[in-house]
Amino acid sequence: MMYGQVLHHQGREEDLINLNVGGIQHKVERCVLLRFPNTRVGQLIQCCSDAAILELCDDYSPADQEYYFDRSPQVFHCVLNFYRTGHFHALEELCVFCFSQEIEYWGIGELDLEVCCLDRFLERKHDRELNACGRSSNATSSGEIPVVGSDLWRFEGTWCSDARKFMWQTLEDPNHSKCSKGVAAVSILVILTSIVAMCIHSMPEFRYATDREHSVLDSLELICNIFFSVEFVLRVVAAPHPWTFLGNPLNMIDLASVLPFYVTLAFESLSEGDGEENQSLFNMGKVVQVLRLMRAFRVLKLARHSEGVRAFGETLKNCQSEVGLLILFITVGISFFSTFIYYTEKEDASSKLSSIPVCWWWAIISMTTVGYGDVYPQTAAGRIVASLCILCGLLVVSFPITIIMNNFSKYFEKNTPKRCLTEAKA
């Protein structure tokens, strides 16, 4: 006889309940099942009519007084052990979702698991949920527009929907086609070229060159800005709806990196005259030149084509509270140690720590372990305070590192399965 097929018990036959689960028969005492009256089997043996019984089991034989369940016999062994001993353990070899569905059918909760199994079970279930979410979800993280999922339906019924949909996927999803990969490669090349040109233009021999009205770098800058402008306009035209376009931070970065060029160009064209009436416009044009610093935002345009940059942005978003606490702790430490170092150094005439604002700068570079060495304590008490400041800075900065790294890893765990599926389809 197979183990578990029929379980014999001492006692009266009328006190035994016949259960048939997945073809395996069990005889269990009524009092054992009534230990947990709110479960499915506990409610079943309390039913007074055949109709109520059939609502809780798959079939019922009045002649044999046997209840049939078309469920997993493996899981029911754990359920039966729970009725007899009051201890519920999980099956490691069974899928966590399957096990969870089975015990939910029998009216037992996951929290009824013993401590030795509960933590491991919840950890396995969480890992499987992350992988399943990565495989099935079409929604992407912030800073990334979903191009293969929920946004495509918005093109239905709009003007030139097929052409705009193709343009949208080509510009926003580098893995959509060979054409989109080519566009992404060209975009990356132009971004890197503009960054290199900006760096070279800052060198004195190029910055003050006046041999020609327009240098090669100026022409290169103009070409890059024209490319960025055309790319931005195409994205605006291809976007299914304005809120879809405006809701993406990367599009705002594109606008911030293009707009200052045209604003500066407009003011410079207005201030070309030599008269005094144009002097104010000329000065304003110089002020607007500061806006050209926003060309540095072009580096962030690489996030559209770089998974690492997107992961960094997503990690910062998910760690807002940790980063906020880090800034708060550093600010408190700076205020505390700058005051201490001032009162320990103010009597020393050779010390450069002559005021608390100067001490703020010293505290910042000390707590962040930069240590320029331009300002440093001269007295023994000041050195002790400096040592404490450096140690506290190391502790404060290291606190959120583990949380930030975990969030960084979770981003790749969530997106790697989805990326692999996308590449396989391509």
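Okay, so let's go over this structure.

About the criteria used
- Residues numbered from 1 in each chain as written.
- Predicted model: local features only at pLDDT ≥ 70, side-chain atom pairs only at ≥ 80, totals over all residues.
- Heavy atoms only, no water.
- Buried < 20%, exposed > 50% of the residue type's maximum accessible area, 1.4 Å probe, protein only.
- Helix = DSSP H or I, 4+ residues; strand = E, 2+ residues; numbered from the N terminus.
- Pairing = 2+ DSSP bridges.
- Polar contact = N/O pair within 3.5 Å; in protein donor to acceptor, adjacent residues only side chain to side chain.
- Contact = heavy atoms within 4.5 Å.
- Phe/Tyr/Trp six-rings, centres within 6.5 Å; stacked < 30°, edge-to-face > 60°.
- Lys NZ or Arg CZ within 6 Å of the ring centre and 35° of its normal.
- Axes fitted to C-alpha atoms, helices over the stretch in contact; angles between N-to-C directions.
- Expected span 1.5 Å × (residues − 1).
- Parallel < 35°, antiparallel > 145°, perpendicular 65-115°, else oblique.
- Nonpolar A, V, L, I, M, F, W, Y, C, P; charged D, E, K, R; others polar.
- Patch = residues over 30% accessible without salt bridge, like charges linked within 9 Å, V, L, I, M, F, W, Y side chains within 5 Å.
- Areas by Shrake-Rupley, 256 points an atom, 1.4 Å probe, with all protein chains shown as cover.
- Salt bridge = Lys/Arg side-chain N within 4 Å of Asp/Glu carboxyl O.

Overview of the pairing of strand E2 (residues 24-29)
Inference 1: Along E2, the buried face is formed by Ile 24, His 26 and Val 28; none of Gln 25, Lys 27 and Glu 29, which line the opposite face, is buried.
Inference 2: Relative to E2, strand E1 (residues 16-21) runs antiparallel, the two being bridged by 6 bridges. For Ile 17, the partnering residue across the bridge sits in E2 and is Val 28.
Inference 3: Where E1 folds back on E2, the antiparallel hairpin that results is connected by 2 residues, among which Gly 22 adopts a positive phi of roughly 60°.

Concerning the side chain of Glu 110
Inference 1: By the secondary structure assignment, Glu 110 is in the loop between helix H5 (96-105) and helix H6 (115-136).
Inference 2: At 2.7 Å, the side chain of Glu 110 and the side chain of Ser 100 are in polar contact.
Inference 3: Of note is the side chain of Glu 110, whose polar atom sits 2.5 Å from the side chain of Lys 125.
Inference 4: Sequence-distant contacts of Glu 110, that is, excluding residues within four places in its chain, are made with Ser 100, Ile 103, Leu 118, Phe 121, Leu 122 and Lys 125.

As for the packing of aromatic side chains
How two aromatic rings sit relative to each other is given by the distance of their centres and the angle of their planes.
Inference 1: Taken as a whole and judged by the stated rule, the model has 15 aromatic pairs.
Inference 2: Summarising the aromatic geometry, the rings of Phe 69 and Trp 106 are spaced 4.9 Å apart at their centres and angled 55° between planes, so their arrangement reads as tilted. A residue pair is termed long-range when its members are at least 10 positions apart, and Phe 69 in strand E4 (residues 66-69) and Trp 106 in the loop between H5 and H6 qualify at 37 residues. A single burial state applies to Phe 69 and to Trp 106, both of which are buried.
Inference 3: Measuring from centroid to centroid gives 5.1 Å for Tyr 105 and Trp 106, while their planes differ by 80°, and the two rings are edge-to-face. Taken as a pair, Tyr 105 and Trp 106 share a single burial class, namely buried.
Inference 4: Among the aromatic residues, ring-to-ring pairing joins Phe 36, Phe 82, Tyr 83, Phe 88, Phe 99 and Phe 121 into one connected group.
Inference 5: Between Arg 40 and the ring centre of Tyr 105, over which it is positioned, the NZ or CZ distance is 3.8 Å.
Inference 6: Taking the ring centre of Tyr 105 as reference, the NZ or CZ of Arg 71 above it sits at 4.0 Å.

Notes on the sheet that holds E2
Inference 1: Pairing within the open sheet is mixed, and its 4 strands lie in the order E2-E1-E4-E3. Looking at strand neighbours, the two that pair on one side only are E2 and strand E3 (59-61), the edges of this open sheet. Here the average twist between neighbouring strands, direction ignored, is 25°.
Inference 2: Taken together, the 3 bridges between E3 and E4 define a ladder with antiparallel strand orientation. Paired with Ser 61 across the bridge in E4 is Glu 66.
Inference 3: Helix H4 (residues 73-85) rests against E1 and E2 of the sheet, and its axis sits at about 10° to E2.

What to know about the environment of Leu 54
Inference 1: With respect to the helices and strands, Leu 54 occurs in helix H3 (residues 50-54).
Inference 2: With relative accessibility at 44%, the residue Leu 54 sits in the partly exposed group.
Inference 3: As for Leu 54 and Tyr 68, which are separated by 14 residues in sequence, their C-alpha atoms are 9.5 Å apart.
Inference 4: Residues in contact with Leu 54, not counting those within four places in the same chain, are Asp 59 and Tyr 60.

Thoughts on the environment of Asp 218
Inference 1: The topology assignment puts Asp 218 in helix H10 (residues 216-238).
Inference 2: Here the alpha-carbon distance between Asp 218 and His 201, two residues 17 residues apart in the chain, equals 8.7 Å.

Details of H10
Inference 1: In this model H10 runs 33 Å from its N-terminal to its C-terminal C-alpha over 23 residues, within 8% of the 33 Å that 1.5 Å per residue would give.
Inference 2: Among all positions in H10, only Leu 217, Glu 221, Cys 224, Asn 225, Phe 228, Ser 229, Glu 231, Phe 232, Arg 235 and Ala 238 are buried.

With respect to the packing of helix H15 (residues 320-345) against helix H17 (residues 380-398)
Inference 1: Two elements in contact, H15 and H17, have axes separated by 9 Å at closest approach and are oriented at 175°. If you check the angle between H15 and H17, you find them roughly antiparallel. On the side of H15, the interface is formed by Leu 326, Phe 329, Ile 330, Phe 337, Phe 340, Ile 341, Thr 344 and Glu 345, while H17 contributes Ala 381, Gly 382, Val 385, Leu 388, Cys 389, Cys 392, Val 396 and Val 397.
Inference 2: Grouping the amino acids of the contact of H15 with H17 by side-chain chemistry returns 13 nonpolar, 2 polar and 1 charged.

Considerations on a nonpolar patch on the surface
Inference 1: Judged by side-chain polarity, Leu 222, Ile 226, Val 230, Leu 234, Tyr 262 and Leu 265 come together as a nonpolar surface patch covering roughly 500 Å² of accessible area.
Inference 2: Listing elements by their share of the nonpolar patch, those giving two or more residues are H10 and helix H12 (249-270).
Inference 3: Among the elements that make up the nonpolar patch, the one with the highest residue count is H10 (4 residues).
Inference 4: Secondary-structure assignment places Leu 234 in helix H10.
Inference 5: A relative accessible area of 34% places Leu 234 in the partly exposed class.

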